[in-house]
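Take a look at the letters that make up each chain.
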Amino acid sequence: MSSYIAPVNTDNLLSEAERENLYAKLIEQINKDFNFANEPIDFPQSTSPYELKVQLHEKIYRLIQYKYSELLNLLYIIDVPEENIKQLDGGDTVALSEQIAFLILRREWMKVWFRNRF
């Protein structure tokens, strides 16, 4: 049984998802959790890893700017650990949104990975 090793960045995560043939399930999980949090997002299965990364980053950036409480609700629903968020530097909104997008992807990937294994 292989143990879960969290990817270190978004590009690693997305290429791992593709390698394991779980990229489509990752997109489904992201769509499902965002919709559940009333932050509709609809990535088609044809979305490339690069487009997913950019569009997710933009979505999080907009949430930070205009809908912060909704962002917190989304992070709660996705189950991103609060201590991970507290460790981020909020000084640069662009960098912050990129980091939060990665935390979201990492948590969603963990769900998909475990569901596939067990």
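Since the model is a prediction, treat every value here as computed from it, not as a measurement.

Glancing now at helix H2 (residues 23–36). For H2, with 14 residues, the first-to-last C-alpha span of 20 Å sits near the 20 Å given by 1.5 Å per residue. Those residues of H2 that sit buried are Tyr23, Leu26, Ile27, Gln29, Ile30, Asn31, Asp33 and Phe34. Residues of H2 that are buried in the fold lie against helix H1 (10–19), helix H3 (49–66), helix H4 (68–78) and helix H6 (93–117). After H2 finishes, the residue Asn38 shows a positive phi value of roughly 60°.

Attention now goes to the nonpolar core. Note that soluble globular proteins tend to have their nonpolar side chains buried in a common cluster. One finds Phe34, Ile60, Leu74, Ile100, Ile104 and Trp109 to be the most contacted residues of the largest nonpolar core, which totals 34 residues. Top contributing element to this core by residue count: H6, with ten residues. When sequence neighbours within four positions are dropped, the list of residues in contact with Ile104 reads Phe34, Ile60, Leu74, Leu75, Ile78 and Val80.

Our next topic: the environment of Pro44. For Pro44, the position within the fold is in the loop between H2 and H3. Its relative accessible area of 45% is what places Pro44 among the partly exposed residues. Along the backbone, Pro44 and Leu74 are 30 residues apart, and their C-alpha atoms lie at a distance of 20 Å.

Assignment of secondary structure puts Glu39 in the loop between H2 and H3. Of the polar contacts made by the side chain of Glu39, one reaches the side chain of Lys59; its length is 3.4 Å. Sequence-distant contacts of Glu39, that is, excluding residues within four places in its chain, are made with Phe34, Lys59, Leu63, Lys67 and Glu70.

Here the focus is the pattern of salt bridges. When charged atoms on two side chains of opposite charge get close, those side chains can pair. Going through the model one piece at a time under the given rule, you end up with eight salt bridges. The partner of Glu82 in a salt bridge is Lys86, and the shortest N-O contact between them spans 3.1 Å. One end of the pair, Glu82, and the other, Lys86, are both in helix H5 (residues 82–86), four residues apart, so they sit about a helical turn from each other. When its relative accessible area of 53% is taken as the criterion, Glu82 is described as exposed. Judged by its relative accessible area of 62%, Lys86 is exposed. The salt bridge involving Lys111 is made with Glu108; its shortest N-O contact spans 3.2 Å. One end of the pair is Lys111 and the other is Glu108, both in helix H6 and three residues apart, which spans about a single turn. With a relative accessible area of 16%, Lys111 lands in the buried category.

Rules used in this analysis
Residues numbered from 1 in each chain as written. Predicted model: local features only at pLDDT ≥ 70, side-chain atom pairs only at ≥ 80, totals over all residues. Heavy atoms only, no water. Helix = DSSP H or I, 4+ residues; strand = E, 2+ residues; numbered from the N terminus. Expected span 1.5 Å × (residues − 1). Buried < 20%, exposed > 50% of the residue type's maximum accessible area, 1.4 Å probe, protein only. Contact = heavy atoms within 4.5 Å. Core = buried A, V, L, I, M, F, W, Y, C linked by side-chain atoms within 4.5 Å. Polar contact = N/O pair within 3.5 Å; in protein donor to acceptor, adjacent residues only side chain to side chain. Salt bridge = Lys/Arg side-chain N within 4 Å of Asp/Glu carboxyl O.

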